[in-house]
Each structure stands twice: as C-alpha cells, then as structure tokens.
Amino acid sequence: MRHYPAGVTVVTLMSDNGPVGFTATSFASVSLDPPLITFNIAETSSSIDALLHAESVVVHFLGEHQRHIAQRFSRAAAQRFTDRSLWTTLDTGEPVLHGTPIWVRAAIHRLIPIGDHTLVVGLVTRVHDDAEEEPSAAPLLYYNGTYHRPEPLR
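Being a predicted model, the structure only gives us computed values, none of them experimental. (Residues numbered from 1 in each chain as written. Predicted model: local features only at pLDDT ≥ 70, side-chain atom pairs only at ≥ 80, totals over all residues. Heavy atoms only, no water.)

1. Concerning the packing of aromatic side chains
Here is step 1: Inspection of the entire model under this criterion finds 5 aromatic pairs.
Here is step 2: Ring centres of F22 and F39 lie 6.1 Å apart, and the angle between their planes is 55°; this geometry places the pair in the tilted category. Of this pair, F22 sits in strand β3 (residues 18-24) while F39 sits in strand β5 (residues 36-42), and the two are 17 residues apart along the sequence. For the residue pair F22 and F39, the accessibility class agrees, reading buried in each case. (Phe/Tyr/Trp six-rings, centres within 6.5 Å; stacked < 30°, edge-to-face > 60°. Helix = DSSP H or I, 4+ residues; strand = E, 2+ residues; numbered from the N terminus. Buried < 20%, exposed > 50% of the residue type's maximum accessible area, 1.4 Å probe, protein only.)

2. Points about the environment of H68
Here is step 1: Tracing the chain through its elements places H68 in helix α2 (residues 67-72).
Here is step 2: Overall, the relative accessible area of 42% leaves H68 in the partly exposed class.
Here is step 3: With 53 residues separating them along the chain, H68 and S15 place their C-alpha atoms 24 Å apart.

From the geometry alone we can't say anything about function, so treat these as descriptive.
Here it is, written out as structure tokens:
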C-alpha cells in the first residue's frame, strides 16, 4: 500500500489522562447526508484505548508546511503534546493544532473492529476551513515512505 499516495491527517482527542493524537493516512469521506467520515487505527496503537472511550475527535488535514507535525504525531506518544505552542483546546475540549488549513470535529458514530484495526466512523459536527487564505498551503501527501506535495499537471 506504500505505492498508493494518501493525504496526511492527525487525529486528536481528549482522554481522562490528557490529550491524545496520532498520524493517520486512512482518512476518507463517506457520506454527505449525514456528513460521515472514516479513518482506521491499529489495535497496537498507543492511542487505541483512549479512542475507544472517546466521544469525539478532531481530524486535521495537514498542509505541506506541517510535515514536522506529521512526524511528531507518528513518534512516541509522550512527546506529541509536549510543545504547548503547537495546540490549544476547543470549547468542546478536544485539542486542535495551530496552523492547520482544514480540520473537522466529529462525534464518534461507530467503531468497527476489522482485522488488526478498528474502523472509526465519525459524524461531522464542525468544520474549520482556511484553505482559501492567501497564501494557501498545499496538502501534505505520503507516498512510498516519504512526504510529498502535489504539483499540478501541465
């Protein structure tokens, strides 16, 4: 699957023990009415227990300028939220990452164990979209083990 390019997201949530987050390239839009999204999380993930007990999450669509964020959230869990200048919390309690062009807040709609992962279905309850701001950040992509930015075909 490393030869299939994917957009890079970071999923964040608040647990009883504090903020939790992880990098995910499995994001997909499922339905417009109702607005449903999905992503997967491995059963071996350090974030799985918190996610299984969460009521909501924020999915951040990273821009090319946020490769350091993608890398931070794919490393050891203890280091993901240590830099308080990178994030704040929404009025609903979830951590939100600064400088993210687009993010969505979603209530957990369904958790489906499937293979060695859990498929998470979320009902979108809030959308933040700064993608039209100038200069607009290109989305961050992951392909064949490295990060990329899209280039238009001419």
